[in-house]
Amino acid sequence: MSQQTPSYFTAFKNLAMSRTDSGVLTLRFHTDAGPATFTGETHTDFPRALFEIGEDRDNRVLVLTGTGDRFMTDIDGASLGDITKPAQWDRTLAEGRRVLQRLVDLEMPVIAAVNGPVSVHSEYALLADVVIAADTTVFSDFPHLTFGIVPGDGIQIAWEEALGVNRARYLTLTQGSFTAEQAERWGAVAEVLPLEQVLPRAQQLAEDLAAKPQLLTRYLAVTLRQRISRRMAEGLQLGMALEGLTAADLAYQQQ
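Residues numbered from 1 in each chain as written. Predicted model: local features only at pLDDT ≥ 70, side-chain atom pairs only at ≥ 80, totals over all residues. Heavy atoms only, no water.

## Comments concerning the packing of helix 2 (residues 86-104) against helix 10 (residues 226-253)
Across the interface, helix 2 lies against helix 10 with an axial gap of 10 Å and an inter-helix angle of 160 degrees. Viewed along their axes, helix 2 and helix 10 adopt a mutual orientation that is roughly antiparallel. When the axes of helix 2 and helix 10 are compared, the crossing they make is right-handed. Touching Trp-89, Thr-92, Leu-93, Gly-96, Arg-97, Leu-100, Gln-101 and Val-104 of helix 2 are Ile-228, Ser-229, Met-232, Ala-233, Leu-236, Gln-237, Met-240, Ala-241, Glu-243 and Gly-244, all from helix 10. Class assignment of the residues belonging to the contact of helix 2 with helix 10 gives a composition of 10 nonpolar, 6 polar and 2 charged. (Axes fitted to C-alpha atoms, helices over the stretch in contact; angles between N-to-C directions. Helix = DSSP H or I, 4+ residues; strand = E, 2+ residues; numbered from the N terminus. Parallel < 35°, antiparallel > 145°, perpendicular 65-115°, else oblique. Left-handed = near helix turned anticlockwise from the far one by under 90°. Contact = heavy atoms within 4.5 Å. Nonpolar A, V, L, I, M, F, W, Y, C, P; charged D, E, K, R; others polar.)

## Focus: the sheet that holds strand 6 (residues 110-114)
As summarised here, the arrangement of the 6 strands in space is 1-2-4-6-7-10, forming an open sheet in which the pairing is mixed. With one partner strand each, in any of the chains shown, strand 1 (15-19) and strand 10 (191-193) form the two edges of the open sheet. Strand-to-strand, the axes of this sheet are offset by a mean angle of 20 degrees, without reference to chain direction. Relative to strand 2 (residues 24-29), strand 1 runs antiparallel, the two sharing 5 bridges. Following the sheet pairing, Arg-19 is matched in strand 2 by Leu-25. Across the sheet, helix 1 (residues 40-55) is in contact with strand 1, strand 2 and strand 4 (61-65); its angle to strand 1 comes to roughly 15 degrees. (Pairing = 2+ DSSP bridges.)

## A word on the packing of aromatic side chains
Evaluation of the coordinates by the stated rule reveals 9 aromatic pairs. On the numbers, 5.9 Å between centres and 20 degrees between planes, the contact of Phe-29 with Tyr-124 is stacked. With Phe-29 in strand 2 and Tyr-124 in helix 3 (residues 123-126), this pair connects stretches of sequence that are 95 residues apart. In this structure Phe-29 comes out as buried when scored by relative accessible area, which is 1%. (Phe/Tyr/Trp six-rings, centres within 6.5 Å; stacked < 30°, edge-to-face > 60°. Buried < 20%, exposed > 50% of the residue type's maximum accessible area, 1.4 Å probe, protein only.)

## Concerning the packing of helix 5 (residues 155-163) against helix 10
Across the interface, helix 5 lies against helix 10 with an axial gap of 9 Å and an inter-helix angle of 145 degrees. As helix 5 runs across helix 10, the sense of the crossing is right-handed. Where helix 5 abuts helix 10, its residues Gln-156, Ile-157, Ala-158, Glu-160 and Glu-161 lie against Arg-227, Ile-228, Arg-231, Met-232, Gly-235, Leu-236 and Gly-239. Grouping the amino acids of the contact of helix 5 with helix 10 by side-chain chemistry returns 5 nonpolar, 3 polar and 4 charged.

Below you can see the structure in the form of structure tokens.
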């Protein structure tokens, strides 16, 4: 493995990356080294980071986590631009499609260390091959119905796959939430632990996987994600188009 730190590790303002000698890459969402606020910059940077991660064969396992006592709960809506305009939504759609397709097509195991509540882009965590969650974790989808737009950017697919169709529909329509313990009972979370144990446990599992032959783990990931990859390819673009339609309607509601 190359001993030189790749340039992309420090190329993205709100993504902190580090890698062990065995090839376990930890990507941590943050804002100024504190809990992450999702922004337009993050929306642009995350798919680019996933491309770089996927191209780097020194990465054998990816661990996704947040900062402090939450995975991601805040969003800067204004930084996403005027989503009522087609030109802006065209960019949003392209970035949104790439980030989830690249995540589910990443040719390495992905482990989520969910370090507390996640009400913004919970699909990033729930799409992982293994989800380890703090006992303080509550999953929800704050932005979409709050802003008045359809959750069509892949979260609908991730929730259906992780929770089951009827439960996902109920929670989406009611803007409901669910705890880590509930998610574990439903099969969406593998383990629920005290906060301080979550990241060490995720990294331990990642090291165990990194010790296996790389072709084995690479193609285990590909094999196990065929269904979800296909669903994203089939449904994400339509979902985001419909989300964009409801976003465009916001301008007329405000008149």
